Amino acid sequence: MSIIVLAIVVGAAFGFTLDRVGATNPNYIINMLRLKDLHLMKTIILGIGLASVLTFSGITFGLLDVGNLSVKTAYIGVLIGGAMLGIGFAVAGYCPGTSLAAAATGRKDALFFVLGGLVGAGIYMISYSWIATTGVFGKVLGGKTTVGPITGADYSSIIQSISGETIGIVLGIVLVVIAILLPGKKNEAVQAA
Amino acid sequence: MVLSWKAGGVLLGIVFFAAVMLVKPIGVSTQFVIFDGILWSAVDSTVVQKSETAKKGYASSNAYLNKSGGKYAKNVANPINYSFVFVLAMIGGATLSALLRGGVGRQERQMPVVWREKFGDGVGRRYLVTFLSGVVVLFGARLAGGCTSGHMMSGMMQTAASGYIFSIGMFLTSIPLAMILYKKEA
């Protein structure tokens, strides 16, 4: 039962955070993608970088079980699917997680996005057998792959000479620095001039 | 009202780290499939059934629900599992946050101002377009095996190659498209 309690606590914290960082607001998403207001981009990149530093530090110091990591397989469909997601993301200003959270904040267009999402997931579910025959699941870069080898994890890696934990911390710091260096909100008037 | 990027980023980072430390990386889009499966089983009880031979103890007549030893089939049959409850709690957390900050304005609830300025007040048009966007986004997310949460954030924080590939694909279409669609006339 404790796993369900964790689901409630972490899930609620995630939903609360999504709303507080502005990710439930399609204006922020669309203006981020238009490169007009990188506030949300800075937030997300800082979040990924910090999480990476904490996670790989945690593994190094034995605070975090490597078995909790879950690296997804890399295949051709990841790129195609990502590109498809990007289309709807730009048009609507929602992605799967933020649409549910935005609908919860009272946004009605997000509710229609969620309904469409259920249809899209359903179409995928029904057409899966056929999709599997097209070759889009062909693995790239070794499938379940991380940048460096992580001790105790069963993933292949791109670089062999440096430990995956060190790379995770370094890449995390790089992302934090990128988040700091990215410009904040650009002035529309200055842009037009 | 919206947190600074520093405070927001730190909070987001802690949540993603806490999820991995306590259970597993955050992901959302799979649960659209699980919800579909629950609806489907409600109208056709033969879709997901117990199976002695399946690795996870459940099998489905649908190839997607049946994959990975019936992993999704099992979650459809038992919705009180970590990943599904996580998403329900996420909806709850967002509701709570919105209530505490006074919610979203009446006009903004129909469509974001950035859309209204460009494409006008038509409610039907916005709802139809967001519905169709949802179709494309969730189909794409399932094809990719994850979404912005599972692939981009959780993936990149683990230095997963798949996370980088997904992010490249996503920004390759989303940035040019948003720039063209929402271009402000001079």
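What comes next concerns the included structure. (Residues numbered from 1 in each chain as written. Chains lettered and ligands numbered in written order. Predicted model: local features only at pLDDT ≥ 70, side-chain atom pairs only at ≥ 80, totals over all residues. Heavy atoms only, no water.)

1. Observations concerning the overall build of chain B
A tally of helices and strands in chain B yields nine helices and two strands. Order of helices (α) and strands (β) in chain B, N terminus to C terminus: α-α-β-β-α-α-α-α-α-α-α. Along the first, second and third principal axes, the C-alpha atoms of chain B reach 65 × 40 × 35 Å. Counting only residues that meet the buried cut, chain B has 53% of its 186 residues in that class. The contacts of chain B with a sequence gap of at least 6 include a subset with a gap of at least 24, amounting to 44%. Carbon and sulfur atoms make up 64% of the accessible area of chain B, which amounts to about 8,000 Å² in all. (Helix = DSSP H or I, 4+ residues; strand = E, 2+ residues; numbered from the N terminus. Buried < 20%, exposed > 50% of the residue type's maximum accessible area, 1.4 Å probe, protein only. Contact = heavy atoms within 4.5 Å. Areas by Shrake-Rupley, 256 points an atom, 1.4 Å probe, with all protein chains shown as cover.)

2. A word on the overall build of chain A
Counting its secondary structure elements, chain A contains eight helices and three strands. Starting at the N terminus and ending at the C terminus, chain A contains elements arranged as α-α-α-β-α-α-α-β-β-α-α. Taken along its principal axes, the extent of the C-alpha atoms in chain A is 50 × 45 × 45 Å. When burial is assessed residue by residue, chain A has 56% of its 193 residues classed as buried. Excluding contacts between residues fewer than 6 apart, the proportion of contacts in chain A whose partners are at least 24 apart in sequence is 57%.

3. Quick word on the environment of A19 of chain B
Relative to the helices and strands, A19 of chain B is located in helix α1 (residues 5-22). The exposure class of A19 of chain B is buried, given its relative accessible area of 0%. Put simply, A19 of chain B and G150 of chain B are 131 residues apart on the chain and 12 Å apart in space, counted from C-alpha to C-alpha. Every residue in contact with A19 of chain B, bar those within four places of it in the chain, is listed here: V10 of chain A together with K24 and I26 of chain B.

4. What to know about a positive patch on the surface
On the surface, K139 and K144 of chain A together with K24, K55, K56, K71 and K74 of chain B cluster together into a positively charged patch. Those elements that provide at least two residues to the positive patch are β2 (139-146) of chain A together with α3 (63-77) of chain B. Its location among the elements puts K144 of chain A in strand β2. (Patch = residues over 30% accessible without salt bridge, like charges linked within 9 Å, V, L, I, M, F, W, Y side chains within 5 Å. Salt bridge = Lys/Arg side-chain N within 4 Å of Asp/Glu carboxyl O. Lys, Arg positive; Asp, Glu negative; His and termini not counted. Charge placed at Lys NZ, Arg CZ, Asp CG, Glu CD.)

5. Quick word on helix α6 (residues 108-132) of chain A
Residues three or four positions apart in an α-helix share a direction because the helix packs 3.6 residues into each turn. In a regular helix each residue adds 1.5 Å, so 25 residues correspond to 36 Å; α6 of chain A covers 35 Å between its end C-alpha atoms and thus fits that length. Along its length, α6 of chain A reaches its greatest deviation from straightness, about 50 degrees, at I126 of chain A. (Expected span 1.5 Å × (residues − 1). Bend = angle between axes of the 7 residues up to and from the residue.)

6. Things to note about the packing of α1 of chain B against helix α8 (residues 148-157) of chain B
Residue and element names in this part refer to chain B. Taken N-terminus to C-terminus, the directions of α1 and α8 make an angle of 85 degrees; their axes are 11 Å apart at the nearest point. When the axes of α1 and α8 are compared, the pair comes out roughly perpendicular. Contacts from L12, F16, F17 and V20 in α1 reach S149, M153, S154 and M157 in α8. Tallied by class, residues from the contact of α1 with α8 come to six nonpolar, two polar and no charged. (Axes fitted to C-alpha atoms, helices over the stretch in contact; angles between N-to-C directions. Parallel < 35°, antiparallel > 145°, perpendicular 65-115°, else oblique. Nonpolar A, V, L, I, M, F, W, Y, C, P; charged D, E, K, R; others polar.)

7. Quick look at the interface of chain B and chain A
Of the residues lining the interface, 112 residues belong to chain B; the matching set on chain A comes to 114 residues. Buried surface at the junction of chain B and chain A, both sides included, amounts to about 9,800 Å², of which 76% is carbon and sulfur. The interface formed by chain B and chain A holds three salt bridges in total. Between R126 of chain B and D109 of chain A there is a salt bridge; the shortest N-O distance is 2.8 Å. On the surface where chain B and chain A come into contact, there are 32 residue pairs in polar contact (both at pLDDT 80 or more). Ranked by residue count, the leading element in the side of chain B that touches chain A is helix α7 (residues 123-144) of chain B, at 17 residues. Residues of the side of chain B that touches chain A, tallied by class, amount to 74 nonpolar, 28 polar and ten charged. (Buried area = accessible area lost by both parts, 1.4 Å probe. Polar contact = N/O pair within 3.5 Å; in protein donor to acceptor, adjacent residues only side chain to side chain.)

8. Focus on α8 of chain B
Residues and elements named next belong to chain B. For α8, the buried fraction is high: ten of the ten residues fall into the buried class. Of the positions making up α8, those classed as buried are T148, S149, G150, H151, M152, M153, S154, G155, M156 and M157. T159 occupies a position one or two residues after α8 and carries a positive phi of about 60 degrees.

9. Focus on unusual backbone geometry
Residue and element names in this part refer to chain A. Phi is positive for L35, close to 60 degrees, though the residue is something other than glycine. Along the chain, L35 falls in the loop between α2 (26-33) and α3 (39-60). For L35, a relative accessible area of 31% puts it in the partly exposed group. Positive phi is not limited to glycine here, since L141 has a value of about 50 degrees. Secondary-structure assignment places L141 in strand β2. With relative accessibility at 52%, the residue L141 sits in the exposed group.

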